[in-house]
Amino acid sequence: MEAVIAGRPTRARIDLNVLGANFRAIAAWTAEGAAASGRPAPGVVAVVKANAYGHGAVRVALALQAAGAPMLACADIEEAVALREAGVTVPILVFGALSVGDLDGIFTHRLTPTVATPSAAVALGDAAARRGVRLRCHVKIDTGMNRLGFRHDNLRRTLPPVAASPHLQVEAVFTHFATADVAGDPDFDEQRARFDAVGPVLAEIGIVPAAWHAANSAAIIRDARTHYDAVRPGLVLYGVPPLPTTMPVEPVMSLTSRIVAVKGLRPGEGVSYGLRFRPDTPRTIAVVPCGYADGIDIRLGGRGAVLVRGRRAPVVGAVCMDMFMVDVTGFGAEIGDEVVIIGRQGAERVTVGEMAATIGTIPYELLCRVGHRIERVYE
Ligand SMILES: *Cc1c(COP(=O)(O)O)cnc(C)c1O
């Protein structure tokens, strides 16, 4: 039987119900942590940068807004403007450094910028002054990551101009952890201690923000003391916890394709560029129509496995630009059979975490790299 396949057969299924359930699971988890110490439940700022970790930013953002997210977060102004144009109305925090040229979108699309450097404070303050408005912003403190943010140990020198600006209103103050996903790492606690010490310094300077936030996915899982007034989950929202957890989240994305060719390999013959897979027994090879141009990492060749007919089929030979080959010897596989690259098939499962571990990368990278040619199908 040769199934007729309409369009490209490689698809990323995005389950928006699972996404909503994950959002609620994070909210419940952090609410529980807060209740244990008599604090109000933190807000869940849903991170949808980088095309929502490859899941499709617009549909994901609209679903999270519908699920009750009080705020979304993007990497830059362009990402945030695209969400506004698609109908997102909740506040959107922009994490990235703001260059002087592209600030218009902040005002025209009611975005919440991060003030992370003295020069950004000046540029935003001036832009707000020209428009005669007071701009709500979040101030980022660098507590040890040494990326963006005002150094935690230099705030008395750098923040007074921010406090004095009549055109900037500091709504929240935040920091970001460098080692939250490294279990037992002492720098994680050190960053939290430094962030805790920022409060009194800001009060002295005259900045009294309504909210404090710090926790990415790993910190949310690991330490309720980092939850403060809001948390900022990315990866765990998509159902891929960066640390082992009992939090009930499930993967939002599954990646599937279909076999487009099956052929017999005679003993001693090789497969794909370089003919590096060259078995000395007869094998059956199936061709899967997606490749490194679609985000299928070349390092999966000879290492990874996909699911065909409920069994694991090893990826053999070099992954090509638009195709890769799997060994389906003895599977009875046929053209049109479903191939699960990430997800479940029968009792078997391939997770993005497993795939990342196989090739020595992180799940973040694999999700973000799911290519533009792969249709996202929402359910
Ligand atoms: C990406 C990002 C997050 C989310 O990180 P995850 O590890 O995916 O939860 C949170 N905060 C900031 C500042 C980020 O850049």
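Structural data are supplied above this passage.
Being a predicted model, the structure only gives us computed values, none of them experimental.

Cut-offs and rules
- Residues numbered from 1 in each chain as written.
- Predicted model: local features only at pLDDT ≥ 70, side-chain atom pairs only at ≥ 80, totals over all residues.
- Heavy atoms only, no water.
- Patch = residues over 30% accessible without salt bridge, like charges linked within 9 Å, V, L, I, M, F, W, Y side chains within 5 Å.
- Areas by Shrake-Rupley, 256 points an atom, 1.4 Å probe, with all protein chains shown as cover.
- Salt bridge = Lys/Arg side-chain N within 4 Å of Asp/Glu carboxyl O.
- Helix = DSSP H or I, 4+ residues; strand = E, 2+ residues; numbered from the N terminus.
- Buried < 20%, exposed > 50% of the residue type's maximum accessible area, 1.4 Å probe, protein only.
- Near = heavy atom within 4 Å.
- Polar contact = N/O pair within 3.5 Å; in protein donor to acceptor, adjacent residues only side chain to side chain.
- Nonpolar A, V, L, I, M, F, W, Y, C, P; charged D, E, K, R; others polar.

Draft legend 1. Local environment of a nonpolar patch on the surface. Residues Y292, I298 and M321 make up a contiguous nonpolar surface patch of roughly 310 Å² in combined accessible area. Inspection of the secondary structure assignment puts M321 in the loop between β15 (311–316) and β16 (324–327). Relative accessible area serves as the criterion here: at 42%, M321 is assigned to the partly exposed category.

Draft legend 2. Fine view of the pattern of salt bridges. This model, assessed by the stated rule, comprises 20 salt bridges. One salt bridge in this structure joins R373 and D294, with 2.9 Å as the shortest N-O distance. With R373 in the loop between α12 (363–368) and β19 (375–378) and D294 in the loop between β13 (283–288) and β14 (305–308), this pair connects stretches of sequence that are 79 residues apart. On the basis of relative accessible area, R373 is assigned to the partly exposed category, the value being 31%. Taking the shortest distance from any N to any O, the salt bridge between D322 and R373 comes out at 2.9 Å. In this pair, D322 sits in the loop between β15 and β16 while R373 sits in the loop between α12 and β19, placing the two residues 51 residues apart along the sequence.

Draft legend 3. Quick look at the site of the ligand. Contacts to the ligand come from 13 residues, most closely from K49, Y53, S217, L235 and Y364. G234 is positioned such that a nitrogen or oxygen atom in its backbone is 2.8 Å from an oxygen atom of the ligand. When the ligand sits alone it has 390 Å² of accessible area, and the protein chains cover 94% of it. Among the residues forming the shell around the ligand, the class breakdown is 6 nonpolar, 4 polar and 3 charged.

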